[in-house]
Amino acid sequence: KKATSSIFLKQSKLLCLICSISSHSILNLFLYSTYKWSLNGTLIDLHGDERRRLSGGNLIITSLERDQDSGVYQCTASNTRGTILSQRATLQFAYLESFKMQTRSAVNVREGQGVVLLCGTPLHSGELTFTWVFNEYPHFVQQDSRRFISQETGNLYIAKVEPSDVGNYTCVVNNTITKERVFSSPTPLVLRNDGAMGEYEPKIELHFPDTIPAAKGSTLKLECFALGNPVPKISWRRTSDVSFPNKVKLKNSNAILEIPSFQQEDTGTYECIAENSRGKNAARGRMSFHATPHWLQTMTDKSLSIEENLFWECKANGKPKPSYSWLKNGETLISEGRVQIENGALSISSLNLSDGGMYQCVAENKHGIIYSSAELMVLASAPSFSQNPLSRVLKARSGCDVSLDCRPHASPRAISLWKRGTEILQRSERISLFPNGTLKIANVTKRDGGTYTCIAKNQFGTASTTGRLIITEPTRISQGPSSTEITVGESIVLPCQVTADPALDVAFSWAFNGQPIDFHQDADHFERVGGSFSGDLMIRNIQLNHGGKYVCLIDTDVESLSTDAILVVKGPPSPPDLVVVEEVTDSTAQLSWSPGQDNGSPITGYVIQARTPFTVGWQAVDTVPEVINGNTLTATVVGLNAWVEYEFRVLASNSVGMGEPSPPSTKIRTEDAMPDTAPTDVGGGGGTKSELVITWEPVPEELQNGEGFGYIIAFRPVGMVTWTRAVISAPSVTRYVFRNDTIPPFSPFNIKVGAFNNRGEGPFSSIATVFSAEEVPSVAPERVSAKSLSAADIEVTWELIASTPERVLGYEVVYWEDDTKPDTVGKVRITGNYTAVNVSGLQGNTQYYLAVCAFNTAGTGPQSVPVNVTTKKPPPGQPPQNVEWNLIGSQLVLQWDPVIALETESEVTGYIVLYRRHRNNDVYSIITNKTSVELTLDPNDNYVIQIKTLSEGGLGEGSEPIHIYQLSMGARGSRAGRLCTLSLSPLLICALSTLSAS
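Residues numbered from 1 in each chain as written. Predicted model: local features only at pLDDT ≥ 70, side-chain atom pairs only at ≥ 80, totals over all residues. Heavy atoms only, no water.

### Some points on the overall build of the chain
(1) Moving on: A count of helices and strands for the chain gives one helix and 90 strands.
(2) Moving on: Expressed along its principal axes, the backbone C-alpha trace of the chain runs to roughly 150 × 120 × 75 Å.
(3) Moving on: Sorting the 998 residues of the chain into buried and exposed places 41% on the buried side.
(4) Moving on: Look at the contacts in the chain between residues 6 or more apart in sequence, and 64% of them connect residues 24 or more apart.
(5) Moving on: Surface summary for the chain: the accessible area is close to 52,400 Å², and the carbon and sulfur share equals 48%. (Helix = DSSP H or I, 4+ residues; strand = E, 2+ residues; numbered from the N terminus. Buried < 20%, exposed > 50% of the residue type's maximum accessible area, 1.4 Å probe, protein only. Contact = heavy atoms within 4.5 Å. Areas by Shrake-Rupley, 256 points an atom, 1.4 Å probe, with all protein chains shown as cover.)

### Remarks on the UniProt feature "domain: Fibronectin type-III" (unreviewed entry) in the chain
(1) Moving on: Cross-referencing UniProt, the feature "domain: Fibronectin type-III" (unreviewed entry) maps to residues 572–673, 678–775, 780–874 and 879–970 in the present numbering.
(2) Moving on: Spanning residues 572–673, this segment combines 0% helix with 46% strand, and its end C-alpha atoms are found 40 Å apart.
(3) Moving on: Helix makes up 0% of residues 678–775 and strand makes up 50%, while its end C-alpha atoms are separated by 32 Å. (UniProt positions renumbered as here; feature names shortened; annotations may be inferred.)

### Brief notes about the nonpolar core
(1) Moving on: By size, the foremost hydrophobic cluster in this structure holds 23 residues, and its most contacted members are Val402, Leu404, Trp418, Leu439, Tyr452 and Leu469.
(2) Moving on: Those elements that place two or more of their residues in this core are strand 38 (393–397), strand 39 (402–404), strand 43 (431–433), strand 44 (439–441), strand 45 (450–458) and strand 46 (461–472).
(3) Moving on: Membership of the second largest hydrophobic core comes to 21 residues, among which are Leu222, Trp236, Leu257 and Cys272. (Core = buried A, V, L, I, M, F, W, Y, C linked by side-chain atoms within 4.5 Å.)

### Section: the sheet that holds strand 49 (residues 492–494)
(1) Moving on: In space, the three strands of this open sheet follow the order 49-54-53, with antiparallel pairing throughout. One side of each edge strand has no neighbouring strand; the edge strands of this open sheet are strand 49 and strand 53 (526–529). This sheet shows a mean twist of 25° between the axes of neighbouring strands, independent of strand direction.
(2) Moving on: By the bridge criterion, three bridges tie strand 49 to strand 54 (residues 536–539) in an arrangement that is antiparallel. Across the sheet, Leu494 pairs through a bridge with Leu537, a residue of strand 54. (Pairing = 2+ DSSP bridges. Axes fitted to C-alpha atoms, helices over the stretch in contact; angles between N-to-C directions.)

### A short note on the side chain of Asn174
(1) Moving on: Along the chain, Asn174 falls in strand 16 (residues 167–175).
(2) Moving on: By relative accessible area, Asn174 is classed as buried at 17%.
(3) Moving on: In this structure the side chain of Asn174 is engaged in a polar contact, spanning 2.9 Å, whose partner is the side chain of Arg181. (Polar contact = N/O pair within 3.5 Å; in protein donor to acceptor, adjacent residues only side chain to side chain.)

### Some thoughts on the pattern of salt bridges
(1) Moving on: One pass over the structure, following the stated rule, counts 36 salt bridges.
(2) Moving on: Taking the shortest distance from any N to any O, the salt bridge between Asp194 and Arg110 comes out at 3.9 Å. Placement of the pair is Asp194 in the loop between strand 18 (187–191) and strand 19 (200–206) and Arg110 in the loop between strand 10 (107–109) and strand 11 (115–117), with a sequence separation of 84 residues.
(3) Moving on: On the basis of relative accessibility, which here comes to 40%, the residue Asp194 falls in the partly exposed class.
(4) Moving on: For Arg110, a relative accessible area of 23% puts it in the partly exposed group.
(5) Moving on: Here the salt bridges do not stand alone but share partners, grouping Arg237, Asp241, Glu271 and Arg284 into one network. (Salt bridge = Lys/Arg side-chain N within 4 Å of Asp/Glu carboxyl O.)

### Here's the deal with the pairing of strand 71 (residues 748–757)
(1) Moving on: Where burial is concerned, most of strand 71 is hidden: nine out of the ten residues are buried.
(2) Moving on: Sheet topology places strand 68 (residues 710–717) next to strand 71; eight bridges connect them, and they run antiparallel. When the sheet's bridge partners are listed, Arg716 is paired in strand 71 with Asn750.
(3) Moving on: For strand 71 and strand 72 (residues 760–764), the ladder comprises three bridges, and the chain directions are antiparallel. Note that in strand 72 the partner of Asn757 across the bridge is Gly760.
(4) Moving on: Hairpin connection, strand 71 to strand 72: the antiparallel pair is bridged by two residues.

### Some details on the UniProt feature "domain: Ig-like" (unreviewed entry) in the chain
(1) Moving on: On the UniProt side, "domain: Ig-like" (unreviewed entry) is annotated at positions that read residues 1–92, 97–184, 202–288, 293–377, 383–472 and 474–562 here.
(2) Moving on: When the span residues 202–288 is considered, its composition is 0% helix and 59% strand, and the gap between its end C-alpha atoms is 28 Å.
(3) Moving on: End-to-end, the C-alpha atoms of residues 383–472 are 32 Å apart, and along that stretch the chain is 0% helix and 53% strand.

### A closer look at the layout of surface pockets
(1) Moving on: Of the volumes computed, that of the second largest pocket is approximately 300 Å³.
(2) Moving on: Lining the second largest pocket we find Glu127, Leu128, Thr129, Gln151, Glu152, Lys221, Glu223, Lys251, Asn252, Ile256 and Glu258.
(3) Moving on: Class assignment for the residues of the lining of the second largest pocket results in two nonpolar, three polar and six charged. (1 Å grid on protein atoms, 1.4 Å probe; cavity = no way out; pocket = protein on both sides within 12 Å on 5 of 7 lines; lining within 4 Å. Points joined across faces, edges and corners; volume = space filled by probe spheres on them. Nonpolar A, V, L, I, M, F, W, Y, C, P; charged D, E, K, R; others polar.)

### As for the packing of aromatic side chains
Aromatic rings considered in pairs are described by the distance between their centres and by the relative angle of their planes.
(1) Moving on: All chains considered together, the criterion is met by 24 aromatic pairs.
(2) Moving on: With a centroid separation of 5.8 Å and 85° between ring planes, the pair formed by Tyr137 and Phe183 is classed as edge-to-face. One end of the pair, Tyr137, is in the loop between strand 13 (128–134) and strand 14 (147–149); the other, Phe183, is in strand 17 (residues 181–183), with 46 residues separating them in the sequence.
(3) Moving on: Between the aromatic rings of Phe746 and Phe771, the centroid separation amounts to 4.5 Å while the plane-to-plane angle is 15°, which identifies the pairing as stacked. (Phe/Tyr/Trp six-rings, centres within 6.5 Å; stacked < 30°, edge-to-face > 60°.)

### With respect to the confidence of the model for the chain
(1) Moving on: The predicted model of the chain has a mean per-residue pLDDT of 89, with 93% of residues at 70 or higher.
(2) Moving on: A low-confidence stretch, residues 23–30 stays under pLDDT 50, and its non-local contacts, those more than four residues away or across chains, total 15 contacts. (pLDDT = per-residue confidence, 0-100.)

### As for unusual backbone geometry
(1) Moving on: In this chain, Tyr137 is followed by Pro138 through a cis amide linkage whose omega measures 5°.
(2) Moving on: By secondary structure assignment, the location of Pro138 is in the loop between strand 13 and strand 14.
(3) Moving on: Put simply, Asn229 and Pro230 share a cis peptide bond, and its omega is 0°.
(4) Moving on: Checked against the element boundaries, Pro230 lands in the loop between strand 22 (225–229) and strand 23 (233–238).
(5) Moving on: One non-glycine residue, Asn40, lies in the positive phi region at around 55°.
(6) Moving on: One non-glycine residue, Asn343, adopts positive backbone phi at about 55°.
(7) Moving on: On the secondary structure map, Asn343 appears in the loop between strand 33 (339–342) and strand 34 (345–348).

### Quick look at the side chain of Arg238
(1) Moving on: Mapped onto the elements, Arg238 comes out in strand 23.
(2) Moving on: Buried and unpaired, Arg238 has Asp266 as its nearest opposite-charge partner, separated by 5.0 Å.
(3) Moving on: Among the polar contacts listed, one links the side chain of Arg238 to the backbone oxygen of Thr267, at a separation of 2.9 Å.
(4) Moving on: Each residue touching Arg238, except ones within four places of it in the same chain, is listed here: Ser243, Phe244, Glu265, Asp266, Thr267, Thr269 and Tyr270. (Lys, Arg positive; Asp, Glu negative; His and termini not counted.)

### Some words on the sheet that holds strand 78 (residues 836–839)
(1) Moving on: Read from one edge of the open sheet, three strands run 74-75-78, paired in antiparallel fashion. The sheet is open, and its two edges are formed by strand 74 (782–788) and strand 78, each paired on a single side. With strand direction ignored, the average angle separating the axes of adjacent strands in the sheet is 20°.
(2) Moving on: Bridge count for strand 75 (residues 794–799) against strand 78 is four bridges, and the pairing is antiparallel. Within the sheet, the bridge partner assigned to Val796 lies in strand 78 and is Val837.

### Some thoughts on the environment of Leu257
(1) Moving on: Within the element layout of this structure, Leu257 appears in strand 25 (residues 256–259).
(2) Moving on: Spatially, the C-alpha atom of Leu257 lies 7.9 Å from that of Trp236, the residues being 21 residues apart in sequence.

### Concerning the environment of Ser906
(1) Moving on: With respect to the element layout, Ser906 can be found in the loop between strand 83 (891–895) and strand 84 (908–917).
(2) Moving on: Overall, Ser906 belongs to the buried group, its relative accessible area being 5%.
(3) Moving on: Residues Ser906 and Leu296, spaced 610 residues apart in sequence, show a C-alpha to C-alpha distance of 123 Å.
(4) Moving on: Excluding its chain neighbours within four sequence positions, the residues that come into contact with Ser906 are Lys873, Pro874, Pro876, Ala901, Ser951, Glu952 and Gly953.
(5) Moving on: Polar contacts involving the side chain of Ser906 include one to the main-chain carbonyl oxygen of Lys873, which spans 2.5 Å.
(6) Moving on: A polar contact is formed between the side chain of Ser906 and the backbone nitrogen of Gly953, at a distance of 3.2 Å.

Below is the structure:
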């Protein structure tokens, strides 16, 4: 298996050559193999060899020696099936000997002359690299257009010597494998004293051979350098004038031409040209292509019966064309007798058992050798049907042709005959017997059913196999699907029912548009329904993509049938496309679009919708034509607002419904125009003295029609003709105040407000009448008094202001607690000619100060002289306790403990019993100065009862609510310690509290 071409090693290393078998037969995996190795064609004797040993199939060599271990190795692997040879492997040792340390003669040259300093490479093996040291290490010679170091010869070439070149030169050789480095003796370079040398034409001292072989895929380097004065320039060309491919590289001032990954098309004659002002010279060499053999066709294992013929052919390619040879079990085959060899073809006629073994086809040229291996097994056995018996039961449709195969495993091939029952079958019009043992019966009928036996025989024995043939009636489709139309979202059942012979197993499957339906993956829509002879297909919630061709496939033991139908699914149209706004004015936009799919129903019309930054979502718009039919693909949208950014989309409809909208058009802005909408809700009034306040509802941005929007305010005293105008350039302003000391208070004015923008003025609103600001009342109310009603309420009274030049719209009461700090705590305002008001929400037993003033739209007038009053003490905070009740018939008697007020609370003056009926939600009350009360209740209603104290400070805290239910409702629960008395009454009464269980 291992195919190693060459191995370079340092001496004294350990080497392991690997040899493993690539099995050609599954049986070989379980066979024990033996291995042998040869060196230079001689078998290696490992007996008593301490340096070499086998590990598995691998040859391990320790303490390597160049003289003993160099050469070509090959592995031979053998087992009971045969022998094969491995690829060959060449083992070489890299080394580099030292220079002979003898003094080198000086090289005398004239200035301007060219010179070559020879390296004299010592004995070596392995790839070398060369450098030169100038005078002393590590000062290396730097290569340029004048100096070049050849990596082929190691020599140093100086095209034109200069005085600076005088000195000692040492050649340094490096072995790239061993990393060894050796230095030559210095070579002195001396200038002659007979003057400089004149100019002369180039002389190529370093050039490549006339013929250069190159391996496929290798990197080829050509060196070319010339001496001359002036220094020559190097260039390259192909004599065929074919330009160099991009992969070609020129290095070291063009002295090296490098061709990576050499291919057949890179062959040809290459020319190096050296040129200076005195002339030029050239060197040529032809590139030849060579390649090691590689396989185009290899062998495969074969198992043939005895007396059969073998033919193997292998084909290889290479440059030059490879030759072929054949090996059997590692030995060369010779073409003679039954064995014939012609190039890469091997044929052996009339095989016998001794021909079995391992064979190898060998392809070889001078650049390499390759092997292809295969096993030949020669078989000899009696017939056996263990692998190919007749089926125990065979079924066939009446009227068809039946073929029964007789394929025993036998070597050589067996002779066969057929029986039906005990009758030996002979050829007839309907019965055919083929050489390969196959029996064919044409146009079978029920009479052909029965038991069939094939008997096979060769010189090693006899075998038979038997099967029963059943003839069935043809299967017929009793109901198949029919082409139909259906609407999206509906469901349908496509029938597929057959009439079949009871002896047959029937299987149904469905295909949609040529692809099988996966009932598990598509269970949301597809389901198989029906019995053993029915394969109906139910399609639920049909979608547009369910339209197409449905095929019901019926498979039985003997035949296959199919029936199909086209299902057309109709749905709303697909979205239109390519909505384009073609022309825009200040109020219109012309649109065009392309239709979407009609989805089975012709498009009957289109609707256009628009969206702006000011609308909520998409809104339908008016168009011309008003109704867009299905054949129209353009329309004009009308009624648009000027200077507004719009998007449009189109929806198509058909008989099924409205489809999805198209993608939005590109945003466009309508042209600007003069305002056509006036401000609304124009009014005003109020303000302070000498002011006229005018207000309006601003015009929405989408109705401003352009940039530079603002308002024009016009006003005049009622009865006057001339309008006074004011301009406001802020579109969001909603109020204008005109101030002038000459404006009389509460004087009527006519007002109107218009709009404008950069295009001009728009309409004005209708004329409204407002009043200028009035003055605050100048008189304070008199005869102000206050009375405490409870702990939280005070009643304040006053006299109306009889005469004042200002309007009085009503009165305002202000109150506070501390007279030294009269900051207002609260205020109560009442509109109209009232003389009293109650102030509520106060604190009990607290002194309050109160004052009254009149007000109008200008504000409040002077306050009256403050009065003070103290609120009543707060009512008792303790609710009535220990409430007991007794229910007799419809009479309820309640009793409770008296409540004793604290010193800081108002005295108890009595009690109020509040009870609310559930039916009408009315609240009733009974006041008493006792601690008991009797109530008459309706037995058909539910009640809630609560008891509170009465005092000057108001109502006190209430007792826990008492819930009374109809007897049929039952009691939800009661609190422990409470008395609950029951009598023969339809009512049940219990006290519930926050601690009760409900």
